[in-house]
Every structure is written in structure tokens, then in C-alpha cells.
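Summary of the model geometry
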Amino acid sequence: MVQQSIDNALNTFSTGENFHVQHYLGCHRTEDGYVFRVWAPHAKEVALISDKTQWRSNPIPMIRNHLGVWEVDLLVGQVERGDYYKYLVTRSTSQVIEKMDPYAIRFGERPDTAAQVYDISPKDWQDKAWLTKRRQWDMFSSPVSIYEVHANSWQRHEDGRLYTFSDLAKTLIPYVKSLGFTHIEFMPLMTHPLGMSWGYQLTGYFALEHTYGTPEEFQDFVEASHLADIGVIIDWVPGHFSQNDDALAYYDGTPTYEYQDKNKARNVGWQALNFDLSKPQVQSFLISSLNFWIEFYHVDGVRIDAVSNTLYLDYDQGEWTPNADGSNINHDGVAFFKKLTSVIKLSHPDVILSAEEATSQTKITGMLEMGGLGFDFKWNMGWMTDVLKFYQMDPLYRGQYFNLLTFSFMYMMHENYILPFSHDEVVHGKKSLLHKMWGDRKQQFSGLRNLLTYQMCHPGKKLLFMGQEFGQFLEWKYDWQLEWEASDVLNDQMQYFTSKLAHTYREFPPLFELDHDVGGFEVIDADNIAESVLSFIRKDASGKQLICVFNMAPIERQQFTIGVPLSGTYTEVLNTEMSEFGGDWQAHNLDQKTQKGLWKTYEQTLSFTLPALGVLIWQLVEEESEETRALSSKAHKPLSSSFITDNQWAVLAPYFPAGSRAKYDKRELVSAVLFIQQTGSPWTRLPDTFPPYKTVYAFYKRATKLGIWQRAMSEYEALNDNNCVDQ
């Protein structure tokens, strides 16, 4: 780096605006050697020690600049690639302690905490086609099904040796590809001192954990995933960090990365320390870390852990310090997440940002301008808790607790949700998903198939922890592999079912296209508590529908009848109780024609046999011509752009200003949406007199998400009401 760039890197680090500070701090190659820099503003002295200096025997003093960064330049010979080093810090208290380099990209094997002088040549990436496709990808209207993995315990060598990412590239990628998941999500991959923490007590925020292999191996793994059409998501922990004394904790003897207030700094529940997110240097450190993983490793998404702990001062156990007004909001945390998402989304708008957050007090997803924190998705922890509680019940009592299944219908559009069955639900005595299910072993597998199908049909993106796809019975163990050798025929059939379910999900847009739009979901019957049957419809933007029917009781129901909105012939897309999946059914229900008849608000009924503890998904394959005629000839006037009067458009126009690059007149687009809403027609049946339906739908979706459509329609309806009164 030239001196001007060095000065700028230092100054922007100190103001919290350096988002690639790893290029300045840490160990870096120079023309004739290496330079080492570390931030320790209140240290009395800092020296570099390494295997070359025989550690403390011959420490090399470092020089402090005016902003608290210590630096030393060494020639080749004094230090070489592959050497291990630490910083010998004389704290403000005069205590002398060996510290890790917070910006190192490679550490020794645990329990060693020394960083390694490590040069990485720029990679010739072969995933340009994937990245191009990702930039054009709409994550909200696309299928997202995530396979969650702990890299050390998915599978191991026969002699017990851990898999590295080189091994996982040969085994995990083809396995996930065959299952049909769209993404792999890894629990934290950064350096951590104890495997028992699962990676959530971090010490090295820029370094791949040594046991997982080299940085180059993980780069190659991500590239291979992309070439297999699989995205890679990583967990990242910006709220708290390991309290080990040789890492970030009280780095220079004073609160350096943590809060000054001990109540804010100490994380009692996790025996960790919380980052002081108000400090600009800490902001630069964390945002640079996330940028590094996205850019250096080409990861496609980040799941941010323990967001609630960062947002609320009283989330932890023990004493807490309230705000001056007595409130519990951590304003530093809120401001940090807004800054983080703004920076990341500006550079990487196509990278998924999801939050593990368990409250409803703060809106997490959505743009900052609309009151969100800028995240794309939020884990729906409430849905997961309620649903698992329901499925563990004896079916005899399920009807009394149907609200556990359906309560999410009340709020499922408030945020953009991911529905998680994660690692947290299969440890600490909670039992595996299969073990949670009611009944004997065969019934438990029926229940698990039912559960995973409910997840797949419910609005929201999907996440499933490893091992649950084949019905592992024992809880997850972080220090051993999954029960591959203990699986039997039922496990194999369950694995096949999960693959079939994942591919079905990707095949049918009604299951994902309108996940975050109220138009994509319609309840048929959520009140059948006597028979414990739930039914609803999933829809896509073109108007296509899937009918989803769930039997929560171990009783087969013949000639079971529900109402449906469209008449015609329906075919069975999925039956979870087919023998190939481990059920007892040898053949699917025959195609069924609807019958005329009033059923609740529906004028058509559909009858079939519903398997015990089973799920059926139906698709309309042949719509009756008279239904088509009736739909297109409803008692509504055909609309065109002229349907909106000049006076009405004068009121609506300010909400829809003309764009300089707009291909279609906004008045035509608004008229087209009104036509859909007033006639009840599917989007695909929009008359040719309007713009193409995909253009109209995209316009409507954006206007609705921004709240523009709702405000404009309030004015429009008020104007129409006034006209009616005047007449």
C-alpha cells in the first residue's frame, strides 16, 4: 500500500468507514518482507514474537501511531511464509500477555493460538456463470431450501479423522445435489477454540477454522458447489465473542472490542463478551469480516446468529443497564445492523442476509425506509416452536390445539420468513425430529413426512438440519458423524421421500413464488378440529394452484370432501403415504372431478380418500370450459387505461411518477392491476390490451412492498365513495 492509501485506511478505520480493513491491519507482504499491524490503543508496549524469535526470547518491538495502531516491518529472513507468530502485549495494567492476531486468515491447529504468515494467490474462479445468474435472481420469488450442516460431524473417515473441505467437496456436494436442496448452510466456519461451542464462540473473524482445511480448499468447495448449481450460506456471529484471554477479550487491558459497561459487556448465558457496537473501530472490524467472507470465498448468503442478544439490553441473564428512558432497546445494536445491511446490500444486493431473531418487537426484514433493519429473511422461531409442540402431541388431543398449526397464518406476511428445523431443535434432550413424533416407529416416520411436507407447503423459505432428511433417531452429536451405518429400510425410504419433496417444491411455483404475498395463500378449512384435518391453497403469480390437505390423525378418511375455488379435474401431485416412501399405499388416488355444491364459500367440492397421518397435494389439470367462460364474463366492465378517469388519475398519478426508462405508461399498469382485482382473473389471463402480465405483476409487487399501492388505493376508494354520494 502507498503511504496515502495507508493513511486513508487508518483514518477510515478510526471513523468506522473502512469496510476492508483486513488489507491494512494484520500481516501483509511488502516488496522486501512483511509488515505487521495491530490495534491496541491503550497498550504500553506491543512486540512481535514468533518461532523465528524463539517466542519470548527475542521479541521484536513495534511502534505505535497516533491512532493506536502498532506496526513493524520485517525483511525476508526475519520472517518467512509459514512462520507462526503472536503479539506480546503489555497491557495498560502492566500485565504482559500473548495475544492472537485478530486479522489473521490462518491459525495453527487447536489448541495452538498462533497465527500463520500465509500468502494466498488470487484464485482463477470458474463460477462466473453462477454469479451472473445470482445477480439476476429474485430470492423472494424463487425456491430456497437450505440443508444445514456442521462441517465436522456430517461424515468422517473410517478411522475417525475429520473431513476437510476437500473431502466434503467430493461427498457433501453430490449428496445435497441428489436431495434437491438449493443451498448448503454451514454453522460457523471461523476459528474457534472449542468444538463443543459448535463454532459460536469465535476468536478469529477472518480465519477458516484449521480443522476444516485450508482457505484454498474452502474456495474450491464453494466453486464446486456453484458449478453444481448449489449456493453456500455461512453462519456469522457479530454479537458476542470468546472471552478467552489470548484472543479479543480486553485486548490492551481495557475494554477494546467489548463495552465499557460490564452489564453490557458480559454475556452471562453464553459465558462470552458482547461487542461494543458503538465503537467505529469495532464496526470496521465486523463489517470488514463479513465483506471478506462474501468476496474472498464467493459465499451466497449469511445467517446472522443471536440477533435478539444484540437488539435488547435485557435479553441475557442477570443484571442489565436500561436506557435513560428505562427502555430495553440496544440503540447501538439497531444502528449497527442498519449500517451493516446498508453496506453489504450496496455492494452485494444478491447475497442473502438472514437473521436468527426470536421476538416481534423490532421489524427485521425489509428496507430501512420502510422501518426494517435491512435483512432479507428472518428465521420464524415462533412457527418452529408451535409446530414441533403440535406434532409431538398424541393425536387424541391435537384437535384442541389446532391453533398451534394455524396461529402463524395471522402473522406470516409481517416479515420475510425462513421456516427452520435447525440444529438447536435436535440437541440438549430435545430429541431428533423423528424421535419427537408420536406413535410406533412406522407412525413416527409418517409423522415426520407429514411435518416436512407442512414445512414445504407453508409460506416461507425452508431449512432442514442434516440427518433429519433420513430420520436419524438419536440426537445430533457435534463430536461424531451422523448415523449413516445405523440406517435401515425406513431410513432409506425417508431419505428418498425428502428428495422427492425437495424436487416437488422446486417444480411447482405455487409453493414458493408468492411466499411473501397474501395472494399466494388461501385457507380452505382451518377449523376441522373434530377430524384434525387442515387444508389450504398455495398459488403462483399466474393463478396456478395447489390444494394441500393434512391429516393429523391416524385414521384414514374415505370420501373426504373439501371445497375448492375452481372446477375441473384434479390429479394427485404428492401422497406422503405411498409405499415407496415407507407408507402403506400401493397406488395414488385416481384423478377426481369436482362436483357442484356449496361448501363454506366455495361452489365446487372435491372428494377423495385421505390417508392416515398423510398429506395429499392436488393440482388442477383440466379446467372446465364453462368455468373459463364464467371467469372471463363476470359482471364487471372490461377495463382499459381509459377506465380511470382524468380526475381519478390526477389523484393517483403522484403515487406513480413516470420513470425516464419506463416502457409502459403507469396509468396502463395501474388499470391492469385494477382489472385483476375487480374481475378476480389470474394474472396470466390479462387481456392483450394491457401490458404483459409479468410486467404488471412486477409493478404491483414492488408498489405493494413499498406501501405505495395501499396508500393510492385508499385515495382511489375515497374518491369513488365521494362520487357515489354526489350522485
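Here the structure is shown first, and the text comes after it.
Note that the coordinates shown come from a computational prediction; the quantities given were computed from them, not determined experimentally. (Residues numbered from 1 in each chain as written. Predicted model: local features only at pLDDT ≥ 70, side-chain atom pairs only at ≥ 80, totals over all residues. Heavy atoms only, no water.)

**As for the sheet that holds strand 10 (residues 145-149)**
Filter applied, for reference: Paired strands are those between which DSSP finds at least two bridges. Labels follow the DSSP assignment, with helices taken as runs of H or I lasting at least four residues and strands as runs of E lasting at least two, numbered in each case from the N terminus. To obtain each axis, a line is fitted to C-alpha atoms, and for helices this fit is confined to the stretch in contact; angles are then taken between N-to-C directions over 0 to 180 degrees. A contact between two residues is defined here by any heavy atoms of the two lying within 4.5 Å.
Taking strand neighbours around the barrel as the criterion, the eight strands line up as 10-11-14-18-19-20-21-22 in a closed arrangement whose pairing is parallel. Pairs of neighbouring strands in the sheet enclose a mean axial angle of 25°, with direction left out of account. As judged from the four bridges shared by strand 14 (residues 231-236) and strand 18 (residues 301-304), these two strands associate in the parallel manner. In the sheet register, Ile 233 faces strand 18, and the bridge partner there is Gly 301. Each of strand 14 and strand 18 is contacted by helix 6 (residues 280-297), which is oriented at about 160° to strand 14, the strand it contacts most.

**Looking at the state of the cysteines**
To keep things clear, this is the line we draw: Here, the term disulfide refers to a pair of cysteine sulfur atoms separated by no more than 2.5 Å. Three exposure classes are used, based on accessible area relative to the maximum for each residue type with a 1.4 Å probe and protein chains only: buried under 20%, partly exposed in between, and exposed over 50%.
What the rule picks out here adds up to zero disulfides. Cysteine Cys 457 shares no disulfide, and the gap to the nearest cysteine sulfur, in Cys 548, comes to 3.7 Å. Classification of Cys 457 as buried rests on a relative accessible area of 1%.

**Some thoughts on the packing of helix 6 against helix 8 (residues 331-347)**
The condition is simple: Rotating anticlockwise by less than a right angle from the far helix to the near helix defines a left-handed crossing, while the corresponding clockwise rotation defines a right-handed one. For this classification, the nonpolar set comprises Ala, Val, Leu, Ile, Met, Phe, Trp, Tyr, Cys and Pro, the charged set comprises Asp, Glu, Lys and Arg, and every other residue, Gly included, is treated as polar.
Where helix 6 meets helix 8, the closest approach of the two axes is 11 Å, and the angle between their N-to-C directions is 35°. Between helix 6 and helix 8 the crossing geometry is right-handed. Along its contact with helix 6, which presents Gln 283, Leu 286, Ile 287, Leu 290, Asn 291 and Ile 294, the element helix 8 presents Phe 336, Lys 339, Leu 340, Val 343 and Ile 344. Broken down by class, the residue content of the contact of helix 6 with helix 8 amounts to eight nonpolar, two polar and one charged.

**So, the packing of aromatic side chains**
Aromatic ring pairs are described here by two measures, namely the spacing of the ring centres and the angle between the planes. This is how it is decided: Ring pairs shown here join Phe, Tyr and Trp side chains whose ring centres sit within 6.5 Å, with only the six-membered ring taken for Trp; geometry is labelled stacked below 30 degrees between planes, edge-to-face above 60, and tilted in between. Here, over-ring charges are defined by two tests on the NZ atom of lysine or the CZ atom of arginine: distance to the ring centre within 6 Å, and angle to the ring normal within 35 degrees.
Overall, the coordinates contain 61 aromatic pairs when judged by the stated rule. Ring geometry for Phe 218 against Tyr 297: centres 4.9 Å apart, planes inclined by 55°, an arrangement best described as tilted. Taken together, the positions of Phe 218 in helix 4 (residues 215-227) and Tyr 297 in helix 6 put the pair 79 residues apart, joining distant regions of the chain. Taking relative accessible area as the criterion, Phe 218 reaches 0% and is therefore assigned buried. Directly above the ring of Tyr 34 sits Arg 29, whose terminal nitrogen or CZ lies 4.9 Å from the centroid.

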